[in-house]
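# Survey of secondary and tertiary structure
Each chain is listed here by its residues.
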Amino acid sequence: MMATDEAYKPRPFLKWAGGKGQLLPELTAAVAEARKFKAYHEPFVGGGALFFALQGGGALAEKSVRLSDTNPRLIDLYLAIRDDVSGVIRHLKKHAAAHDETYYYATRAEIPKTSSARAARLLYLNRTCFNGLFRENSKGEFNVPMGRYKNPAICDEPKLRAASAALAQADIACRPFESVLDHAAKGDFVYFDPPYAPVSATAQFTSYHQDGFGTADQERLADVCAQLHRRKVKFLLSNSDVPLIRDLYKDFQVSQVFATRMVNSRADRRGKVAEVLVRNF
Ligand SMILES: C[S@@+](CC[C@H](N)C(=O)[O-])C[C@H]1O[C@@H](n2cnc3c(N)ncnc32)[C@H](O)[C@@H]1O
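For clarity, every value in this text was computed on a predicted model and none was experimentally measured. (Residues numbered from 1 in each chain as written. Predicted model: local features only at pLDDT ≥ 70, side-chain atom pairs only at ≥ 80, totals over all residues.)

### Overview of the overall build of the chain
Along the chain, the regular secondary structure elements total ten helices and seven strands. Taken over the C-alpha trace, the chain has a radius of gyration of 19 Å; the compact-globule value for 281 residues is 19 Å, and the two agree within 12%. Principal-axis analysis of the C-alpha atoms places the extent of the chain at approximately 55 × 45 × 35 Å. Split into buried and exposed, the 281 residues of the chain put 35% on the buried side. Across the chain, the fraction of contacts at a sequence separation of at least 24, relative to all contacts at a separation of at least 6, is 75%. (Helix = DSSP H or I, 4+ residues; strand = E, 2+ residues; numbered from the N terminus. Rg over C-alpha atoms; globule rule 2.2 N^0.38 Å. Buried ≥ 20, exposed ≤ 12 C-beta atoms within 10 Å, placed from the backbone. Contact = placed C-beta atoms within 7 Å.)

### Some details on the nonpolar core
Counting 63 residues, the largest nonpolar core has I81, V88, A119, A163, V190, F192 and F235 as its most contacted members. The residues that make up this core include at least three from each of domain 1 (5-70 + 175-279) and domain 2 (78-159). In contact with V190, not counting residues within four places along its chain, are H41, V180, A184, L228, V233 and F235. (Core = buried A, V, L, I, M, F, W, Y, C linked by C-beta atoms within 7 Å. Domains from an automatic or database assignment.)

### A look at the pairing of strand β5 (residues 234-240)
The buried fraction of β5 is high, at six of seven residues. Bridge analysis of strand β4 (residues 189-192) against β5 gives four bridges, and the strand direction is parallel. Counted as the bridge partner of Y191 is L236 from β5. (Pairing = 2+ DSSP bridges.)

### Quick look at the site of the ligand
Near the ligand there are 22 residues, and of these G18, G46, G47, A49 and D193 occur at the shortest range. The residue makeup of the shell around the ligand, split by class, is ten nonpolar, eight polar and four charged. (Near = placed C-beta within 6 Å. Nonpolar A, V, L, I, M, F, W, Y, C, P; charged D, E, K, R; others polar.)

### What to know about the domain arrangement of the chain
Structurally, the chain comprises domain 1 (5-70 + 175-279) and domain 2 (78-159). Look at where the C-alpha atoms of domain 1 and domain 2 centre, and you get two points 26 Å apart. Contact residues are listed per partner, giving twelve residues for domain 1 and 15 residues for domain 2. Of the residues in the side of domain 1 that touches domain 2, the class split is eight nonpolar, two polar and two charged.

Pasting the structure below:
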């Protein structure tokens, strides 16, 4: 049987905290409304849900693309997928063949030396760990126990190859979001998906890795958006619907959207939460 084109559409290869899969219809519609733009920038790339959707839909054809994030393990992984996907797949197949509890904890304990082996380790742990989410503790360590999956899909070769092909056009770097100001020029488009402002004092959405993202960061981000606006760069931003965010972006168009998220630390407690999309076009 012929594989459908869908099998070769690029998609995120990591399950990532705050992944934007659910908001894709609203996000891609907003990008379509931006009509023409030159380069595409995504400075909080995470799992890259919007980048992959746009790339697969042809919206980024012939465009220069810059993806970045401050998580060095994540960027290391993106570079390995872009530059040596066959090497990553080779290592991942070994993990898939050897997977059991002892093997999981032995793999978790050791960080390999080569970039393709590190990438495969991260993908393997992401597929087999509890809750299937790559999340580090406050010391930057990955200490999630093994999940209880019957048949985890550890090596999805077509998905990895499609992602690698999609990333071939991208400049990928580990750097903070402000550096978008060094690269974005008039007519470009930037999508910002920062760690969300907390909805309540106990919400832990902001600890993606050792650097938290607090009110001062949200303020600096709003300032970067204002600078981009003056430069005639189009921007789209997602965040939680809280007074801080409404206030920081009051000069721009803010619309409300809803997504089902984990509403507290228990994975079985999910609920619809209000989020906002901010844009200047
Ligand atoms: C909400 S997630 C992005 C999710 C992504 N849109 C997706 O679909 O998976 C936020 C990302 O911001 C990154 N980050 C945190 N602080 C940052 C900073 N100061 N500059 C750039 N990236 C940062 C985190 O590592 C995380 O990957």
